[in-house]
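# Observations on the model geometry
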There are 2 protein chains.
Amino acid sequence: MAQRDATHDPARRSWVASANAPGTDFPIQNLPLGVFSTHGAGPRCGVAIGDQILDLTAAHAAGLIGNAAVAEPSLGALMGQGRAASAALRAEVSALLSEGATPRPELLVPMATARMHLPTTVRNFSDFMASYDHCARLGVKRDPKNPLPPAFRQLPVAYHSRASSVRVSGESVIRPHGQWQHQDGSMHFGPTEAMDYELEMAVWIAGDNALGEPVTMASAPDRIFGYGLLNDWSVRDVQRWEMPPLGPFLGKSVSTSVSPWIITAEALAPFEVPAAVQDPPALPYLDSAWNRSHGGLAVRMTAAILTPRMRAEGAAPFILTDTQFAAMYWTAATMVAHHGTNGCNLLAGDLLGSGTVSGSEETARACLAEIGLTGPVVLPNGESRKWIQDGDEIIFRGRAEAPGAVSIGFGECRGVLDPAIAWPA
Amino acid sequence: MAQRDATHDPARRSWVASANAPGTDFPIQNLPLGVFSTHGAGPRCGVAIGDQILDLTAAHAAGLIGNAAVAEPSLGALMGQGRAASAALRAEVSALLSEGATPRPELLVPMATARMHLPTTVRNFSDFMASYDHCARLGVKRDPKNPLPPAFRQLPVAYHSRASSVRVSGESVIRPHGQWQHQDGSMHFGPTEAMDYELEMAVWIAGDNALGEPVTMASAPDRIFGYGLLNDWSVRDVQRWEMPPLGPFLGKSVSTSVSPWIITAEALAPFEVPAAVQDPPALPYLDSAWNRSHGGLAVRMTAAILTPRMRAEGAAPFILTDTQFAAMYWTAATMVAHHGTNGCNLLAGDLLGSGTVSGSEETARACLAEIGLTGPVVLPNGESRKWIQDGDEIIFRGRAEAPGAVSIGFGECRGVLDPAIAWPA
């Protein structure tokens, strides 16, 4: 749980001029954490501020930031210290960057010159399916009377997914080979013909619980280090065939892209909203007064496509999905608590995916499998898409918005689909 | 792929007397690798030989083993070097321990004084379901006409499982809490009432492939570092309810126990047997001449139970399962190749589980869910078990056996079920 404090003050401005520009993703009220490198200097921790990055390692070396964890080449050490440490860091960084403090331009690196890395080595990655509309829309096709998974209203349905294939935004994805069965029963092996995106929220875990020590709704909110955008690239033909009964496997381990900047739980305090109403009410172990009043997050999320032809034509990306994270049936806190119900040890640096963030509006369908239910998308230049084609780029953006608060952005999560390789002889 | 060489010579004996005792798990033909510690000295790599451990770190320091990877506190570095390095290490260790070499008792640690650790940090854990009999026996109950998962005969069905909860043999398991639905539709939350074991083979991965670079049947055999025993503790009431459609989650992340000694692929060369016949034949990408002739492994595996009353009575563990790994429908090589079909990057230190190693005989049912289909097990002292009870210990053993070869053992994989905790108020 995070409190609204002076770091969220809408009047606070920064001596970094670009952070005060209207509409920037990274005003001084945001201060997201990431890992970057520059020509000649390896990965190190930083804070996005306007179009600049505050080099935390340099700030620590200059004695301006106390916590030595920020001098590591990853955010893992800071995540391991738990939420109190990140809250203290936020207060220090906010003071350091505020208008009125001594400007320290020597600690800034222009974002345009930096390469971003994964915030930390992903220890474990679990992916949820927490949107009612995503499940209902796709389930109706399978079973109109019972579109939802049996347990959907009782627990946030999830599966263990693949940690090794998580990649930072910007890395391309190779169209994978796979196996599936045709309708006539014949078998097929070759490059997928049904590559999809899933627009999800990433949840990064802070702190560890010992194996056997459950996570509860009381402890869950403080296990959330922060949030990001996550593209759960999905191979629909492979997935459909392989799933029963153990769930997705190769359909989900081709690549998972995450945005590089982690928007901390502290930064999002002004955007906490009541959780979606649940019917029936959740069992007590998945319920809390805090979650009901503050478990949701007012974040608007979009997915856009940029095809090779659009790129050549100089067209802007076309928005395929425009959705609200606050509409999810299960909140991030319930995901964390459910995950730890059985004493499963959640570790600092673990990653959760929220599942496809679809809403009830037709524009809020957050993957092509849903969008395609009403036929292929027709793009402004006349191209159409049932699935992602070679060279297409998928671009996610997110923005937290609330009355009386300075809106903050999530940056981007981008990825291009590269053609399949020739299968090795 | 491993060749039979002088290290497998049945006539070879060791200057470690206990390694020459008939029936030992660890004759000089075995030489499994593990990580151990002793009072006052931290984790280091070792080789099991009779009732002793050869301290590889000490042997390296003495100039007797060339590869510095064995001086790490984990086998991860050696696994990262790939199979050529472990084959070279085996030859060196075999020469060092052979009768006729200079005895080096100062490099030995009595196994009884050592504590075993996980061989390496488990990077990713994927669990397969490769036994026809396991699937058929449990599937018949669900759908007598179509007992197998649709894709069972076309690919080794698998799911991503949880890496953080993998533990070494000997660590106890706490009965977890969980949620499920009663037949009348009412909901239940509390300690599981259906704790089970699954007797599986562990497969440890050597070397890395880059994301996007597929693993093929040609490369798969050399990606197997070695084998062990794996108890995929399963929470049946939780699992049944949570599974559709994304597969097992909390039912499988309570704990996964592995035996501490990795039997290398080299050690198992004399025990390679033809793969089980597949009908229909596997697609070409899951088939190879080598796999058909050598993909199976002649390993007998057993699971036994020791209840608190049996322990008090001084009774021996009672064997619940007695099965053969060679009967599996899919081989380890096909599991590795399938996993990497889509370019998923398998990393040194990744762990695969074979799935429950059940055979066609009634005695070869390798979990209580299968055994219980004909009613609870009655133990020799009159106790009966439908599921594992508090204080019960489950003990796995494995032994590779083949004509003309010295039989080698896997050691043990043990775990006691501890009572549930009181749910935090």
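Each value, and the rule that gives it
Residues numbered from 1 in each chain as written. Chains lettered and ligands numbered in written order. Predicted model: local features only at pLDDT ≥ 70, side-chain atom pairs only at ≥ 80, totals over all residues. Heavy atoms only, no water. Helix = DSSP H or I, 4+ residues; strand = E, 2+ residues; numbered from the N terminus. Buried < 20%, exposed > 50% of the residue type's maximum accessible area, 1.4 Å probe, protein only. Polar contact = N/O pair within 3.5 Å; in protein donor to acceptor, adjacent residues only side chain to side chain. Contact = heavy atoms within 4.5 Å. Phe/Tyr/Trp six-rings, centres within 6.5 Å; stacked < 30°, edge-to-face > 60°. Pairing = 2+ DSSP bridges. UniProt positions renumbered as here; feature names shortened; annotations may be inferred. Domains from an automatic or database assignment. Buried area = accessible area lost by both parts, 1.4 Å probe. Salt bridge = Lys/Arg side-chain N within 4 Å of Asp/Glu carboxyl O.

Turning to the side chain of B:Thr24, a few remarks are in order. All names here are of chain B. With respect to the helices, strands and loops of the structure, threonine 24 is situated in the segment before strand 1 (33-38). A residue is classified by how much of its surface remains accessible, and threonine 24, at 14% relative accessible area, is buried. Of note is the side chain of threonine 24, whose polar atom sits 3.1 Å from the backbone nitrogen of phenylalanine 26. Contact partners of threonine 24, with chain neighbours within four places excluded, come to Ser18, Ala19, Gly50, Arg399 and Ser407.

On to the environment of A:Tyr132. All names here are of chain A. Relative to the assigned elements, tyrosine 132 resides in helix 4 (residues 132-142). Accessibility expressed as a relative area gives 32% for tyrosine 132, which makes it partly exposed. Residues tyrosine 132 and arginine 153, 21 residues apart in the sequence, show an inter-C-alpha distance of 8.7 Å. Residues in contact with tyrosine 132, not counting those within four places in the same chain, are Leu148, Phe152, Arg153 and Tyr329.

Any aromatic ring pair is given by two values, namely how distant the centres are and how the planes are angled relative to each other. Scanning the model with the defined rule gives 17 aromatic pairs over all chains in all. Taken together, a centroid distance of 5.8 Å and an interplanar angle of 80° make the contact between A:Phe128 and B:Phe249 edge-to-face. With A:Phe128 in strand 6 (residues 125-128) and B:Phe249 in the loop between helix 5 (236-242) and strand 16 (256-258), this residue pair bridges two chains. For the pair A:Phe128 and B:Phe249, a shared accessibility class is recorded, and that class is buried. One aromatic cluster is present, built from ring pairs that chain together A:Tyr132, A:Phe152, A:Tyr329 and A:Trp330.

This paragraph deals with the sheet that holds strand 20 (residues 299-306) of chain B. Residues and elements named next belong to chain B. In spatial order, the strands read 9-26-25-20-21; together these five strands make up an open sheet with mixed pairing. Both outer strands of the open sheet, strand 9 (173-174) and strand 21 (318-324), are each paired with one neighbouring strand and no more. Sheet topology note: the strand 20/strand 25 (residues 393-400) ladder contains eight bridges and is antiparallel. Of the residues in strand 25, the one forming a bridge with alanine 304 is isoleucine 395.

Before going further, it helps to spend a moment on the UniProt feature "domain: Fumarylacetoacetase-like C-terminal" (unreviewed entry) in chain A. Within this numbering scheme, the UniProt entry marks residues 126-398 of chain A as carrying the feature "domain: Fumarylacetoacetase-like C-terminal" (unreviewed entry). As annotated, residues 126-398 of chain A comprises 15% helix and 29% strand, and the C-alpha atoms at either end are separated by 21 Å.

Bringing helix 4 (residues 132-142) of chain B into the picture now. Residue and element names in this part refer to chain B. Among the residues of helix 4, Asp133, His134, Cys135, Ala136, Arg137 and Gly139 are the ones counted as buried. Looking at the packing, one finds that the buried side of helix 4 touches helix 9 (368-371). For helix 4, the capping residue at the N-terminal end is serine 131, with a side-chain oxygen 3.3 Å from the backbone nitrogen of aspartate 133.

It is worth spelling out unusual backbone geometry at this point. Cis geometry is adopted by the peptide bond preceding A:Pro280, which originates at A:Asp279 and carries an omega value of 0°. Tracing the backbone shows A:Pro280 in the loop between strand 18 (272-273) and helix 6 (289-294). Geometrically, the link from B:Pro244 to B:Pro245 is a cis peptide bond, its omega value of -5° lying close to zero. As for its placement among the helices and strands, B:Pro245 is situated in the loop between helix 5 and strand 16. Of note in the backbone geometry, A:Leu31 takes a positive phi value of approximately 60° without being a glycine. Along the chain, A:Leu31 falls in the segment before strand 1 (33-38). For A:Leu31, a relative accessible area of 5% corresponds to the buried category.

Residues and elements named next belong to chain A. What the domain assignment reports for chain A is domain 1 (6-117) and domain 2 (125-418). The partner domain 2 presents 30 residues to the 29 residues of domain 1 that form the contact. Both faces combined, the contact of domain 1 with domain 2 buries some 2300 Å², and carbon together with sulfur accounts for 64% of it. Counting the surface domain 1 buries against domain 2, the share from its top three residues, Asp25, Met79 and Arg83, is 33%. If you look at where domain 1 meets domain 2, you find four salt bridges.

Right, let's get into the interface of chain A and chain B. Taken residue by residue, the interface counts 60 residues in chain A and 60 residues in chain B. Broken down residue by residue, the surface that chain A buries against chain B is led by A:His160, A:Leu246 and A:Phe249, which jointly contribute 16%. Taken together, chain A and chain B are joined by two salt bridges. Note that B:Asp350 is salt-bridged to A:Arg162, the shortest N-O span being 2.6 Å. Taken together, chain A and chain B are joined by 22 residue pairs in polar contact (both at pLDDT 80 or more). Among the elements of the structure, strand 6, strand 7 (158-161), strand 10 (177-181), strand 11 (187-191) and helix 8 (332-339) of chain A are those that each provide at least two residues to the side of chain A that touches chain B.

Residue and element names in this part refer to chain A. In this numbering, the UniProt entry assigns the feature "binding site: Mg(2+)" (unreviewed entry) to Asp232, Lys252 and Thr256. These annotated residues cover 25 residues of sequence, and their C-alpha atoms all fall within 7.7 Å of one another, placing them together at a single site. In this fold, aspartate 232 is placed in the loop between strand 14 (224-231) and strand 15 (234-235). Residues in contact with aspartate 232, not counting those within four places in the same chain, are Asp127, Tyr159, Tyr197, Glu198, Glu200, Lys252 and Thr256. For lysine 252, a relative accessible area of 3% translates into the label buried. Not counting residues within four places of it along the chain, the set of residues in contact with lysine 252 comprises Tyr159, Ser161, Glu198, Asp232, Trp233, Ser234, Arg236 and Gln239. Engagement of the side chain of lysine 252 in a polar contact is seen with the side chain of glutamate 198, the distance being 3.0 Å.

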